[in-house]
Amino acid sequence: MGSDELYIQKCIELAKKGRGFVSPNPLVGCIIVKDGKIISEGYHHAFGEKHAEIDALDKISGNAKGATLYVNLEPCCVYGKTPPCTERIIKEGIKRVVVGNLDPNPLVSGKGILSLEEKGIQVNKGILENDCRMLNQFFYKWIIIGLPYVTLKIARTADDFIAYPDGSCPHISGEESRKEVHKLRSFYDSVLIGKNTALKDNPHLTVRNVRGRQPFRIVLDSKGEIVGNQNLNLLNDKYADKTIIMKGDNLKNTLLDLGKKGISSVLVEGGPTIWDSFMQEKLADQILVYTSAKKFDKGIPYSKFFKLEEIESKLQNEYTKGPDTVTQKYLNIY
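Residues numbered from 1 in each chain as written. Predicted model: local features only at pLDDT ≥ 70, side-chain atom pairs only at ≥ 80, totals over all residues. Heavy atoms only, no water.

With that settled, consider the pattern of salt bridges. Tallying each qualifying case throughout the model produces 12 salt bridges. Across the pair R96 and D4 runs a salt bridge whose closest N-O atoms are separated by 2.6 Å. Note that R96 is positioned in strand β4 (residues 96-101) and D4 in helix α1 (residues 3-15), a separation of 92 residues in sequence. Among the residues examined, R96 registers a relative accessible area of 17% and is labelled buried. Of the charged contacts, one joins R213 and D189 as a salt bridge, the two residues approaching to 2.9 Å between their closest N and O atoms. One end of the pair, R213, is in the loop between α8 (195-201) and β9 (216-220); the other, D189, is in the loop between α7 (175-187) and β8 (190-194), and 24 residues separate them in sequence. According to the relative accessible area criterion, D189 is buried, its value standing at 5%. Residues joined by salt bridges that share partners form a network here, namely K50, D58, R88 and E92. (Salt bridge = Lys/Arg side-chain N within 4 Å of Asp/Glu carboxyl O. Helix = DSSP H or I, 4+ residues; strand = E, 2+ residues; numbered from the N terminus. Buried < 20%, exposed > 50% of the residue type's maximum accessible area, 1.4 Å probe, protein only.)

On to the environment of N202. Note that N202 resides in the loop between α8 and β9. Distance from N202 to N233, taken between C-alpha atoms, is 6.2 Å for residues 31 residues apart in sequence. The contact partners of N202, leaving out residues within four places of it in the chain, are T197, N231, L232 and N233. Within the structure, N202 has its side chain in polar contact with the backbone oxygen of N231 (distance 3.2 Å). (Contact = heavy atoms within 4.5 Å. Polar contact = N/O pair within 3.5 Å; in protein donor to acceptor, adjacent residues only side chain to side chain.)

Moving on, we get to the packing of aromatic side chains. Following the criterion strictly, the structure yields 4 aromatic pairs and no others. Ring centres of Y7 and Y70 lie 4.8 Å apart, and the angle between their planes is 45°; this geometry places the pair in the tilted category. Here Y7, found in helix α1, pairs with Y70, found in strand β3 (residues 68-73); they are 63 residues apart in sequence, far enough to count as distant. An identical accessibility class is assigned to Y7 and Y70; each is buried. On the basis of an interplanar angle of 40° and a centroid distance of 5.0 Å, the ring pair of F138 and Y149 is categorised as tilted. On the criterion of sequence distance, the pair formed by F138 in helix α6 (residues 137-145) and Y149 in strand β6 (residues 149-156) is long-range, its members being 11 residues apart. A network of ring pairs unites the aromatic residues F138, Y149 and Y188 as a single cluster. Across from the ring centre of F187, 5.1 Å away, lies the NZ or CZ of R19, which sits over that ring. (Phe/Tyr/Trp six-rings, centres within 6.5 Å; stacked < 30°, edge-to-face > 60°. Lys NZ or Arg CZ within 6 Å of the ring centre and 35° of its normal.)

So, on to the sheet that holds strand β1 (residues 29-34). Across the sheet, 5 strands lie side by side as β2-β1-β3-β4-β5; this open sheet has mixed pairing. On the outer flanks of this sheet lie β2 (37-43) and β5 (122-124), each paired with one strand and no other. Direction aside, the axes of adjacent strands within the sheet are offset by 20° on average. Across 5 bridges, the pairing between β3 and β4 is parallel. In the strand pairing of β4, L73 is matched with N101. (Pairing = 2+ DSSP bridges. Axes fitted to C-alpha atoms, helices over the stretch in contact; angles between N-to-C directions.)

Let us look at α1. Its 13 residues give α1 an end-to-end C-alpha distance of 18 Å, which sits within 8% of 18 Å, the value for a rise of 1.5 Å per residue. Those residues of α1 that fall on the buried side of the exposure criterion are D4, Y7, I8, C11, I12, L14 and A15. Angular distribution of buried residues about the axis of α1 spans 165°; they occupy a single face of the element. Each element contacted by the buried residues of α1 is listed here: β1, β2, β3, β4 and α5 (129-135). (Expected span 1.5 Å × (residues − 1). Arc of directions from axis to C-beta.)

Moving on: unusual backbone geometry. Of note, the bond from S23 into P24 is cis; its omega dihedral lies within 30 degrees of zero at 5°. Following the sequence through the fold, P24 ends up in the loop between α1 and β1. Not every positive phi belongs to a glycine, and D35 is a case in point at roughly 55°. In this structure D35 comes out as exposed when scored by relative accessible area, which is 72%. Although it is not a glycine, N209 adopts a positive phi angle of roughly 65°. Here N209 lies in the loop between α8 and β9. Taking relative accessible area as the criterion, N209 reaches 72% and is therefore assigned exposed.

Written out as structure tokens, the structure is:
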């Protein structure tokens, strides 16, 4: 791996610090190098705050002339909540810019690079392109087609059940895995369940015991049966204003409506009915499965129609064995 790749990899790691805070903006990290040494680092901290390039340049303002700026996503060239990054890069006298990905936003895509090149700045693009795209897969899907990125999360026993026959469900996964789920929630704009899960489990769907933002909580309830139910935590806790009840019958249209609200990612934690709906309509991008060593012998399966074992040969499968649970991640489902 050459020096350009190493610095872009460093940008990716910096960008991850913004997870759970920058959406619907992309995750972006920036490094400035002069005479072979890193002289500044920055990243996009939160939505509405300064972009990664500005964060890095502010730390060395006036001392960046002749330096190389590395960034995992093309610098913006339009006015939004902040001024264009390209203007500042030009003003500071940056000599060379190395970019991971083009920005998929049609207002920016290719135009940011062109504006730099027109001012005599050398631009190299497409460095660790796939890695940079994977970092911002939520943003890419949302900005290109208006749909949020969807992950189906399942916690199952070793014999494929998610609950006992009567619907009751003790903790299936262990403490470490539950903590990981709370961290995962903080990375997503929203957590989604169906009406039945809301009524039966009365969950909070909050981020606890880890640092991170509270996601929106989406409940699919086509008939509005839970509206006004003050027994539900989702409607009566301190995050009640972050609960959205969706009454639409069409799942894709529901996702489009969420996308219009600026929700670029959805973590689905519902039961078998919700799982099967997303699978049947081919609306899931990723499946995340937590499998414990526990067995129920009989109970409610995670799906009525699909078996992971029947489709996993077609998927990219990332496998992790933790202290209490085996975690599998299935990517690029369709």
